[in-house]
Structures are given as C-alpha cells and as structure tokens.
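Survey of secondary and tertiary structure
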Amino acid sequence: MPMKVLEATLSTFDGVFQQFTTEAANNKANFILFYADKEPCTNLSWCPDCVRAEPVIYKKLEAASGNVALLKAYVGDRPTWRNPQHPWRVDPRFKLTGVPTLIQWENGSVKARLEDHEAHLEKKIDTLLSDD
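Thresholds, definitions, all that
Residues numbered from 1 in each chain as written. Predicted model: local features only at pLDDT ≥ 70, side-chain atom pairs only at ≥ 80, totals over all residues. Heavy atoms only, no water. Pairing = 2+ DSSP bridges. Helix = DSSP H or I, 4+ residues; strand = E, 2+ residues; numbered from the N terminus. Axes fitted to C-alpha atoms, helices over the stretch in contact; angles between N-to-C directions. Buried < 20%, exposed > 50% of the residue type's maximum accessible area, 1.4 Å probe, protein only. Arc of directions from axis to C-beta. Contact = heavy atoms within 4.5 Å. Polar contact = N/O pair within 3.5 Å; in protein donor to acceptor, adjacent residues only side chain to side chain. Left-handed = near helix turned anticlockwise from the far one by under 90°. Nonpolar A, V, L, I, M, F, W, Y, C, P; charged D, E, K, R; others polar. Core = buried A, V, L, I, M, F, W, Y, C linked by side-chain atoms within 4.5 Å.

**Here we look at the sheet that holds strand β1 (residues 4-8)**
The strand order across the open sheet built from 5 strands is β1-β3-β2-β4-β5, with neighbouring strands paired in mixed fashion. What marks the edges here is a single partner per strand, and that holds for β1 and β5 (109-114). When strand polarity is set aside, the average angle formed by the axes of neighbouring strands in this sheet is 25 degrees. Note: strand β4 (residues 101-106) against β5, 5 bridges, orientation antiparallel. Bridged to Trp-105 within β5 is Val-110.

See below:
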C-alpha cells in the first residue's frame, strides 16, 4: 500500500494532527517529519539538511511493507523557526531542536526520532522501520 502523506503548517497542525492520530491505529508505522518551508524563489526548502534528507526519507518509507503514514509539518520560514519560543520547540510532545526531524509516533507519543544531522541516513531510517 502506498504511503499516506498529510501536510500541515503551524496554523493547520492541530486539525491535521488530530486526523493523523485518529488514523494511526490503521497503519503499521506512523511518522512525523518536521521540515523547513520552501523558499518561494527556488521552491526548495531554506534548510539544506531538509533538501538532503527528504528524498531519502520518502524512498525508505515508500518502500516499507504495510501501511505507512507520514505527517509532514512545515516549521515556517527561517525567522519563524529561529524563534526560541517556536511552538514545536517548546511543545513537550516534540521538543524540536532542529530540522529536519523525523519522529516515529506510536501509542500517542514519540517512540524514536532522527534529528537533523542523521535524518538522511538510510540505515537509521531502516532501524526505525524495523523497530515496529
């Protein structure tokens, strides 16, 4: 079955996250990818690590057996993300420190995570997928 992708911004996250968590039990694995917004002039993320990690993450999740859901949450532009009081930096569920961050979500909480410096590593993503 193909990977199901939901997308959210800061302003739409609560509603999309509710849908994501409601449907989570139907999936073999559920992930949240916190990702930097795209620059309008280039249509690429302003975050080079995000640009590097996204295709690897998608390749691995799409190849996984069983139903996989991915909630791609855009953190905002660079100034928004840099704010120490960014909602996802201070949210006790996520405690983000960098982007991209790939979170494995299970039973209403974070089961595992890959931070910005490791989110592009295929072996680490494989470990998350095999950790079900």
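**Things to note about helix α5 (residues 122-130)**
What α5 keeps buried is the set Ile-125, Leu-128 and Leu-129. The buried residues of α5 all sit within an arc of 100 degrees when viewed along its axis, so they share a single face. Projecting away from the buried face of α5 at angles above 90 degrees are the exposed residues Lys-123 and Ser-130. Where α5 is buried, its residues contact β2 (29-35), α2 (48-63), β4 and β5.

**Notes on the environment of Lys-4**
Relative to the helices and strands, Lys-4 resides in strand β1. According to the relative accessible area criterion, Lys-4 is partly exposed, its value standing at 36%. Here the alpha-carbon distance between Lys-4 and Val-68, two residues 64 residues apart in the chain, equals 6.3 Å. Side chain to side chain, Lys-4 and Glu-23 meet in a polar contact 2.7 Å long.

**Some remarks on the packing of α2 against α5**
Pairs of packed helices are described in terms of their axes, by the angle between the two and the distance that separates them. Between α2 and α5, whose axes approach to 10 Å, the crossing angle comes to 35 degrees. Between α2 and α5 lies a crossing of right-handed hand. Where α2 abuts α5, its residues Val-56, Ile-57, Lys-59, Lys-60 and Leu-61 lie against Glu-122, Ile-125, Asp-126 and Leu-129. Broken down by class, the residue content of the contact of α2 with α5 amounts to 5 nonpolar, no polar and 4 charged.

**Details of the nonpolar core**
Ranked by size, the top nonpolar core spans 44 residues in total, and within it Phe-34 and Phe-94 carry the most contacts. Here Phe-34 is in contact with Phe-13, Ala-73, Val-75, Trp-88, Phe-94, Leu-96, Val-99, Pro-100, Thr-101 and Ile-103, once residues within four sequence places are set aside.

**Remarks on the side chain of His-120**
As for its placement among the helices and strands, His-120 is situated in the loop between β5 and α5. Those residues in contact with His-120 that sit more than four places away from it in its chain are Arg-52, Ala-53 and Val-56.

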